[in-house]
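# Reading the structure
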Amino acid sequence: MQDRKVYLDEHTNLLQLEEHMYPLVDVKEPNVFRNLFHYDEIPKIAFNDRIVPHSMPDEIWITDTTFRDGQQSRAPYSTKQIVDIYDYFHRLGGPKGKIRQCEFFLYSKKDRDAVYQCMEKGYQFPEITSWIRASKKDFELVKEIGMKETGILVSCSDYHIFYKLKMTRRQAMEHYLSVIRECLETGVSPRCHLEDITRSDIYGFVIPFCLELMNLMKEYQIPVKIRVCDTMGYGVNYPGAVIPRSIPGIIYGLRVHAGVPSELIEFHGHNDFYKAVSNSSTAWLYGASGVNCSIFGIGERTGNTPLEAMVFEYAQLRGTLDGMDTTVITELAEYYEKEIGYHIPSRTPFVGKNFNVTRAGIHADGLLKNEEIYNIFDTDKFLNRPPLVAVSNTSGLAGIAHWINTYFHLPEGKQVDKNTELVSIVKDWVDQEYESGRVTVLTDEELLKVIDDACRRTGVTLTAQED
């Protein structure tokens, strides 16, 4: 007990004393937290009101798993598609490399070809990394390609250790450490994916295991990263919630009790309970430098944390985009729909067809007077997506006028307002459609035909703004 660590906390500038020692608790029977996770009941969120402090790292960033976890849930990308998307991520991350890494599968020739072609780009960011199982056979692929870093699956809950691996905790730890040691022996930096951490014995297995990893890091002088994998989406961001569901508690435990530096901690969330974004932001707030995401949240089951969401979370928390080019998000959405054939649900924030489209007449009237009233930010500036008004039976004259001005990109001085004859003619046609029993929103093609007819009748010419 005399060897308990005393260290200076750089955020508080106070000396901290490690209060406890955390040896491995090698239980005979698995601890599956049946009091919280009774399979025939909804999981419980319990509290003990033990509050841990915020500890936002000096630098935070995003990493990507589109080509790994994202590919586990959909048809595989072609080599060209992977390379194209990687180019988009490079542009999106900006000159400071806020999209820090992309991880790749190595198992198929197609994926290995994509890795080689992305490496040939010579980009500093996103750095190319891989993912393997904790197997020496898999590690041969890493050595063959010459990866500098690889993710290694190290399942840490008793659900996985006892029921899937058929091991004890000590056997699992020794197996994991042997693969990680071999990784370090060849100079490759391991990124340990602590699968199912939110159902794990944090102080009986996770902290002792991470202490061993930190000892290996000191021995080899090679970074060993910890990925906090909320595999089933059980994590919660509530202050005072008990572990293993508490994201603040897990991040605090890794930093303070296992001594893992913030820059080596990364959070990987799933959205089973709609908490992937809030949990990722919470991980940043409590000391993880990295959050792992996939574009549009495409991933296993309900998906991962959407990368585009964390770009805007970053800006909200830091007060700056730090050079990230958010217009690339719209280009990615168009690429996915046109080139890949992926349908983005219309109400998906930032990228869905209707994310900044309003239908209600009273909202449209406000939007026409001042778009700040009903638009979250300047979506034209940041996403090349000006706010739109869909025309329906509730749109009113203001909604139709706004639709015409936006669709035709009419400059100030040439815009129509709700009192013009052109708008009135279109409104009469819209009313007639719905009085005849229509229940659906009008299509762009229908509106354009009616507007073209009305322009001929009134002698109006709609002149678009020059680019």
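Structure's up top.
What comes next is a walk through the structure. Just so we're clear, the structure is a prediction, and the values are computed from it rather than from any experiment.

Around the barrel, eight strands lie side by side as S3-S4-S5-S6-S7-S8-S9-S10; this closed barrel has parallel pairing. Sheet twist, expressed as the mean angle between neighbouring strand axes with direction ignored, is 25 degrees. The pairing of strand S5 (residues 127-133) with strand S6 (residues 149-153) spans four bridges and is classified as parallel. By the bridge assignment for S6, Trp 131 is matched with Gly 151. Relative to the sheet, helix H8 (residues 276-286) contacts strand S3 (61-64), strand S8 (225-230), strand S9 (265-269) and strand S10 (290-293), its axis offset from that of S9 by approximately 170 degrees. Sheet strands touched by helix H9 (residues 307-318): S3, strand S4 (99-104) and S10. Its angle to S3, the strand with the most contacts, is close to 175 degrees.

What follows deals with a nonpolar patch on the surface. Judged by side-chain polarity, Val 6, Leu 8, Leu 15 and Leu 17 come together as a nonpolar surface patch covering roughly 410 Å² of accessible area. When contributions to the nonpolar patch are tallied by element, the ones reaching two or more residues are strand S1 (6-9) and strand S2 (14-17). Here Val 6 lies in strand S1.

Within the secondary structure, Ser 200 sits in the loop between strand S7 (189-194) and helix H6 (202-220). One polar contact links the side chain of Ser 200 to the main-chain amide nitrogen of Ser 157, over a distance of 3.2 Å. When sequence neighbours within four positions are dropped, the list of residues in contact with Ser 200 reads Phe 33, Cys 156, Ser 157, Glu 195, Val 206 and Pro 244.

This brings us to the packing of helix H7 (residues 247-257) against H8. Viewed as axis vectors pointing N to C, H7 and H8 meet at an angle of 35 degrees, and their least axial separation amounts to 9 Å. The element H7 and its partner H8 pack so that their crossing is right-handed. Contacts between H7 and H8 pair Ile 247, Pro 248, Ile 251 and Arg 255 from the former with Asn 279, Thr 282, Ala 283 and Tyr 286 from the latter.

To characterise two packed helices, one gives the angle between the axes of the helices and the distance between these axes. Running from amino to carboxyl end, helix H5 (residues 169-185) crosses H6 at an angle of 25 degrees, the nearest separation of the two axes being 11 Å. Of the possible angle classes, the one that applies to H5 and H6 is roughly parallel. Between H5 and H6 lies a crossing whose hand is right-handed. Residues Arg 169, Met 173, Tyr 176, Leu 177, Ile 180, Arg 181, Leu 184 and Glu 185 of H5 pack against Gly 204, Phe 205, Pro 208, Phe 209, Glu 212, Leu 213, Leu 216, Glu 219 and Tyr 220 of H6. Within the contact of H5 with H6, the residues separate by chemical class into 11 nonpolar, one polar and five charged.

Parameters at a glance
- Per chain, residue numbering runs from 1 following the sequence as it is written.
- It should be noted that, the model being predicted, local features are given only for residues of pLDDT at least 70 and side-chain atom pairs only at 80 or more, the latter also being counted only at that level, while totals for whole chains, interfaces and linings use all residues.
- The side-chain values count all of the structure's non-hydrogen atoms but skip hydrogen atoms and water molecules.
- We treat two strands as partners when DSSP finds at least two bridges between them.
- Numbered from the N terminus, helices here are DSSP runs of H or I no shorter than four residues, and strands are runs of E no shorter than two.
- The axes are straight lines fitted to the C-alpha atoms, using for helices just the contacting stretch, and the angles between their N-to-C directions are given from 0 to 180°.
- Note on contacts: a residue pair is in contact if any heavy atoms of the two residues lie within 4.5 Å.
- What goes into a patch is any residue over 30% in relative accessible area without a salt bridge, connected to like charges within 9 Å or, for nonpolar side chains (Val, Leu, Ile, Met, Phe, Trp, Tyr), within 5 Å.
- To measure how exposed things are, a 1.4 Å probe is used in the Shrake-Rupley method; for residues, cover is taken only from the protein chains shown.
- Any Lys or Arg side-chain nitrogen found within 4 Å of a carboxyl oxygen on Asp or Glu counts as a salt bridge.
- Nitrogen and oxygen atoms within 3.5 Å of one another constitute a polar contact, given that in protein one can donate a hydrogen and the other can accept it, and given that sequence-neighbouring residues count only through two side-chain atoms.
- Crossing handedness follows the turn of the near helix against the far one: under a right angle anticlockwise gives a left-handed crossing, and clockwise gives a right-handed one.
- Any angle that is under 35 degrees is reported as roughly parallel, and any over 145 degrees as roughly antiparallel; angles of 65 to 115 degrees are reported as roughly perpendicular and all others as oblique.
- Note on residue categories: nonpolar means Ala, Val, Leu, Ile, Met, Phe, Trp, Tyr, Cys or Pro, charged means Asp, Glu, Lys or Arg, and polar means any other residue, Gly included.

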